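Here's the letter readout for the chains.
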Amino acid sequence: MKKELPKTYDPASFEDRIYSEWSEKGLFAPSDDMTKGHYSIVIPPPNITGQLHMGHALDNTLQDILIRHKRMKGVSTLWLPGTDHASIATEAKIVEAMKKEGLTKDDVGRDGFLERAWDWREKYGGRIIQQLKKMGSSCDWQRERFTLDEGCSEAVLEVFTRLYEKGLIYRGERIINWCPHCLTSISDAEVEYEEQPGHFWHLRYPFEDGSGYVELATTRPETLLGDTAVAVNPNDERYKDLVGKTLILPLVGRKIPVVADDYVDIEFGTGVVKITPAHDPNDFEVGRRHDLPLVNVMTPDAKITDDYPAYAGMDRYEARKAIVRDLEAGGFLVSVEDHVHNVGTCYRCGTTVEPRASLQWFVKMAPLAAPAIEAVRSGDIKFVPERFSKNYFHWMENIRDWCISRQLWWGHRIPAYYCDKCGKTVVSKTAPDCCPDCGEPMRQDPDTLDTWFSSALWPFSTMGWPKDTEDLKRFFPTNTLVTGYDIITFWVSRMIFSSLEYTGRIPFDTVLIHGLVRDAQGRKMSKSLGNGIDPLEIIDKYGADALRFALATGNSPGNDMRFSDEKIEAARNFANKLWNAARFVMMNLDIDRIELPDESKLAPEDKWILTKLSAAAAAAENNLENYEIGIALSAIYDFIWDEYCDWYIELSKKSVSGEDKERSKDAQNVLAYVLRETLKLLHPFMPFITEEIYSGLPGEVGYIMVKDYPVAENIPSFPAEAEDMERVIAAIGAIRQRRAEMGVKPSRRTSLFIATKYPHAFEGTEEFFKRLAGASSLEIVDDHSESGSVRIVTDSATVFIPMTDLVDPEEEKARLRSELEKVNAEIARVESKLANKGFTEKAPAAVVDAERVKLAKFTEKKDGIAAALAALGE
RNA sequence: GUGGGUGUAGCUCAGUUGGUUAGAGCGCUUGCUUGACAUGCAAGAGGUCGUUGGUUCAAAUCCAUUCAUCCACACCA
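Conventions and cut-offs
Residues numbered from 1 in each chain as written. Chains lettered and ligands numbered in written order. Predicted model: local features only at pLDDT ≥ 70, side-chain atom pairs only at ≥ 80, totals over all residues. Heavy atoms only, no water. Helix = DSSP H or I, 4+ residues; strand = E, 2+ residues; numbered from the N terminus. Rg over C-alpha atoms; globule rule 2.2 N^0.38 Å. Buried < 20%, exposed > 50% of the residue type's maximum accessible area, 1.4 Å probe, protein only. Areas by Shrake-Rupley, 256 points an atom, 1.4 Å probe, with all protein chains shown as cover. Lys, Arg positive; Asp, Glu negative; His and termini not counted. Charge placed at Lys NZ, Arg CZ, Asp CG, Glu CD. Expected span 1.5 Å × (residues − 1). Contact = heavy atoms within 4.5 Å. Phe/Tyr/Trp six-rings, centres within 6.5 Å; stacked < 30°, edge-to-face > 60°. Lys NZ or Arg CZ within 6 Å of the ring centre and 35° of its normal. Near = heavy atom within 4 Å. Polar contact = N/O pair within 3.5 Å; in protein donor to acceptor, adjacent residues only side chain to side chain. Nonpolar A, V, L, I, M, F, W, Y, C, P; charged D, E, K, R; others polar. Salt bridge = Lys/Arg side-chain N within 4 Å of Asp/Glu carboxyl O. Pairing = 2+ DSSP bridges. Axes fitted to C-alpha atoms, helices over the stretch in contact; angles between N-to-C directions. Core = buried A, V, L, I, M, F, W, Y, C linked by side-chain atoms within 4.5 Å. pLDDT = per-residue confidence, 0-100.

Focus: the overall build of chain A
Check the secondary structure of chain A and you find 27 helices and 29 strands. Its C-alpha atoms give chain A a radius of gyration of 37 Å, more than 25% over the compact-globule value 29 Å for 874 residues. Dimensions of chain A along its principal axes, counting C-alpha atoms only, are 120 × 60 × 55 Å. Counting only residues that meet the buried cut, chain A has 54% of its 874 residues in that class. Working note: accessible area of chain A is about 38200 Å², and carbon and sulfur atoms make up 48% of it. On chain A, the mean spot of the 108 positive side-chain charges and the mean spot of the 139 negative ones are 2 Å from each other.

Quick look at helix H17 (residues 565-588)
Along an α-helix, residues three or four positions apart point the same way, because every turn accommodates 3.6 residues. Compared with an ideal rise of 1.5 Å per residue, which puts 24 residues at 34 Å, H17 spans 35 Å between its outermost C-alpha atoms and is within 8% of the ideal. Listed in full, the buried residues belonging to H17 are Ile568, Ala571, Phe574, Ala575, Leu578, Trp579, Ala581, Ala582, Arg583, Val585 and Met586. Buried positions along H17 lie against helix H15 (535-542), helix H16 (544-552), helix H19 (629-656), helix H20 (661-682) and helix H21 (687-694).

Some details on the packing of aromatic side chains
The full count for this structure, using the stated rule, is 34 aromatic pairs. A connected cluster of aromatic rings, assembled from ring pairs, spans Phe160, Tyr164, Trp361, Trp402, Phe453 and Phe497. Directly above the ring of tyrosine 213 sits arginine 204, whose terminal nitrogen or CZ lies 4.2 Å from the centroid. Lying over the aromatic face of tryptophan 402, arginine 494 brings its terminal NZ or CZ to 4.1 Å of the ring centre.

Points about unusual backbone geometry
Between tryptophan 465 and proline 466 the backbone carries a cis peptide bond, its omega angle lying at 10°. In the segment running from phenylalanine 476 into proline 477, the intervening peptide bond is cis, with an omega of 0°. Counting through the fold element by element, proline 477 comes out in the loop between helix H13 (470-475) and strand S22 (478-484). In this model, alanine 86 sits at a positive phi of 50°, which is unusual for a non-glycine residue. With respect to the secondary-structure elements, alanine 86 resides in the loop between strand S3 (82-83) and helix H3 (87-100). Residue classification places alanine 86 among the buried positions, given a relative accessible area of 4%. Of note, leucine 251 is a non-glycine position whose phi angle comes to about 70°, a positive value. Tracing the sequence through the fold places leucine 251 in the loop between strand S10 (246-248) and strand S11 (255-260).

Observations concerning the protein's contact with RNA strand B
Contacts to RNA strand B come from 54 residues, most closely from Asn282, Asn342, Arg829, Lys842 and Lys854. For RNA strand B, the fraction of atoms within 4 Å of the protein that belong to sugar or phosphate moieties is 61%. The separation between a phosphate oxygen of RNA strand B and a polar side-chain atom of serine 556 is 3.4 Å. No other element matches the twelve residues that H17 contributes to the surface near RNA strand B. Split by residue class, the surface near RNA strand B holds 20 nonpolar, 16 polar and 18 charged.

Structural notes on the pattern of salt bridges
Within the structure shown, the criterion is met by 57 salt bridges. Of the charged contacts, one joins glutamate 625 and lysine 73 as a salt bridge, the two residues approaching to 3.2 Å between their closest N and O atoms. Remark: lysine 73 occurs in the loop between helix H2 (54-72) and strand S2 (76-80) and glutamate 625 occurs in helix H18 (residues 604-625); sequence separation between them is 552 residues. The exposure class assigned to lysine 73 is partly exposed, which follows from its relative accessible area of 30%. With its nearest N and O atoms 2.9 Å apart, the salt bridge here joins aspartate 236 to arginine 238. Here aspartate 236 falls in the buried class, since its relative accessible area comes to 2%.

A short note on the sheet that holds strand S20 (residues 443-444)
Here three strands make up an open sheet; going across it, the order is S19-S18-S20 and the pairing antiparallel. The strands lining the two open edges of the sheet, one partner per strand, are strand S19 (425-427) and S20. As defined by bridge partners, strand S18 (residues 416-418) adjoins S20 across two bridges and the pair is classed as antiparallel. The partner of tyrosine 418 across the bridge, within S20, is arginine 443.

Section: the sheet that holds strand S13 (residues 333-346)
The strand order across the open sheet built from three strands is S8-S7-S13, with neighbouring strands paired in antiparallel fashion. Two strands bound the open sheet, and with one partner strand each, they are strand S8 (213-218) and S13. Averaged over all adjacent pairs, the angle separating strand axes in this sheet is 20°, with direction ignored. Sheet topology places strand S7 (residues 191-206) next to S13; 13 bridges connect them, and they run antiparallel. Residue pairing in the sheet places glutamate 195 in a bridge with asparagine 342 of S13.

Side note on the nonpolar core
Counting 187 residues, the largest nonpolar core has Phe453, Phe563, Tyr644, Phe685, Ile693 and Phe769 as the members making the most contacts within it. For this core, the element with the most residues is H19, which contributes 13 residues. Filtering out sequence-adjacent residues up to four positions away, phenylalanine 453 remains in contact with Val156, Val159, Phe160, Ile169, Val363, Trp402 and Ile404. In this structure, Leu225, Leu242, Ala302 and Met314 belong to the second largest nonpolar core, which totals 32 residues.

Here we look at the confidence of the model for chain A
With 99% of its residues at a pLDDT of at least 70, chain A reaches an overall mean of 91. What the predictor reports for the complex is a pTM of 0.93 with an ipTM of 0.94.

Description of H20
For H20, spanning 22 residues, the distance from its first C-alpha to its last is 31 Å, which sits close to the expected 32 Å at 1.5 Å a residue. Among the 22 residues of H20, 19 are classified as buried, and the element is accordingly described as predominantly covered. For H20, the N-terminal cap is aspartate 660; the gap from its side-chain oxygen to the backbone nitrogen of glutamate 662 is 3.0 Å.

As structure tokens, this is what we get:
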């Protein structure tokens, strides 16, 4: 049964069809056979607002390779998919959409807003899932989860109430990062700092008693309205007498004290700092130590409050101008100097964050961080590459309490209930009917939780926790977490401490970190630059397999990579190469099923390719186990292109199209067998093309996706015969090289005489030399030096070609002399190495032997060259 | 300020625990309608592995120094 492949590789014609088939046959679900163990990965849940970008494409390609490899090894394999509700990002989208209708959140109310949000999720939340499927991702979609679904929400409630009871979640008035655009608090991790030019305004604050001024500097004069003290260092001799005195706050007239605090750096500026506890994190701490009042001067959208009528309603920057103007008018402004400083911005919208004292919920981090640090230090959890554990330690060791409340509606609502009458707080999974103390109705906290609070539970909430489910028993802890280095702090660290605290177990044993996909110039892909490459467009143009290949090849853990047209074209060319090789093989197959012939029926070239295949399988396996995905893939690539296509297919043509029908069938079987096993090796990386070709192989049933991954030891290997074949290949290469150098026309045939210590290697190879080395005949001889032949010397043979008439003898001599020089240099190098006692005594025997073999080969080559020179009368 | 990455062919990058004559893709040169593939085939040019020093029989690989470049975290008014 011959199946012919279409002439050109056209991925669009089969990728979607194959994906549907896998899906319909239920191949994505884990097998129930646990005898070979289990392996699981939870997907980093993409935001429902998201569109597939190159980062997702890379992340999911790597995961799918790992998953498909394990699945083919017979391991019960689960890749659990899902999406993240992305509180801020989604809420911002909804608000934006409503704005176009002229509506605000308050217009539609909380319920109306949530209705819109769920509609939006219904409409767009599945979009990225469809895109992941286009990539070939073999997730078990039956188990798809959503951070805001019932189960995940149950896990969030469970965690929140447990932590509260343990005292690890508390509510308090603290200074937090506030985004005046998103109108919510954000965590420290969600602030990005960027350098901005600004100014130092040097001001003077008068003493109450009229005894003069104290001079200080600020970058944010508008916060002056909220100053409740001025601080100096207690050890600062200059200001010893000032401590305890009272100042009059300019423009406001408030009396504020001078306090002494270690926080103040004597060396910096004037050594005097204005203290605004409600609007600066450091000042907040100073304020707590000195019991200073918190004076909040701004509204949530960063405008001055009505408490300061002169500035009320101005935004921060307008107020800054007005205040500087008034300070100058009042004689309080001493000088202004330029100053570049780092400004915190919201990671979602880029707005400058406003530190703001407010009542929020926090997770107490110190007790949670300690075991999480230990889990990595002890090696229970391993980062690949290892260096990222340093980033992790650094973050975890300096961690501050995590602000988890958000002034948003889209998310998990905080399960805290307040009694307005008696002030009682109840934290409970279900709403209490009334206040347990006074019987009044209770009011639920309006805020929701940081979106990362639910993502932190993802490895176990998705498997049914807190219930003790079958999936948890089988697949938790998970094995590998694949993600970019940019979200170690946001997500990886939080999953680790969450899992240890709630389940008592690590969430995964290995964290595989990859870098960023950059554009061809090495720039970060971003919306504002407009340099993003759309993976879906790439898939349309080149196919998902080519995209996957381009992302996986040459990618090493933790390093950024560039994506370019050249790379994707090279990937597509490889797919095309494989396609055509398969097409050739299938055109020539006349067998009903693939059966590897007995050893006795294998030709030398068959043994050679099988040996190479075995080596490629070993390389693929070892590197995949070590997460060296790029290296594994390049081993397979090299095998397919350089060994199977460039050599074996060419060598096999002799037998396949030969007269001997038996031999032809044997060769066909080897061709097909090697192709089949190669497809299996490649399948995790390029699932579609391998499945498509596989389906056309004679006698094969089922899907390659669930066949056994090739094991090197199970592939027959013949090192000695393979070496003989290498001698033939080397001779063919040397002849080609010489013919090219001498400008011999490809059509010109020559007779060949080969003198060799390995005659058996060259027996029966005439046809190879005819097909691949322009030979008209081949004769194995003892010597051929008497004639005026051109000699081509390899380390195991000398080839004589009687075509002196095509060569200028002087040129030939010169060429031989330079070759002789080269080989002499090599001999000298190796000899000196071997003469070195330190080397022969200390280096491993195998290494020394290898050098001796090398020396013998070089010497043989040298003798051959010398003989050639002699024959030319030298 | 603290920590980390990177520096290998014209370009983009591999090089796994030190051990063949340092590799690939693209680009370049030359030649090919070699009945799978021009998205191809064959041959070739091109590298003192950033600098300097050290460890070692042996260094692109380990250590130190220095230069360049990128990133993360922190941040002083």
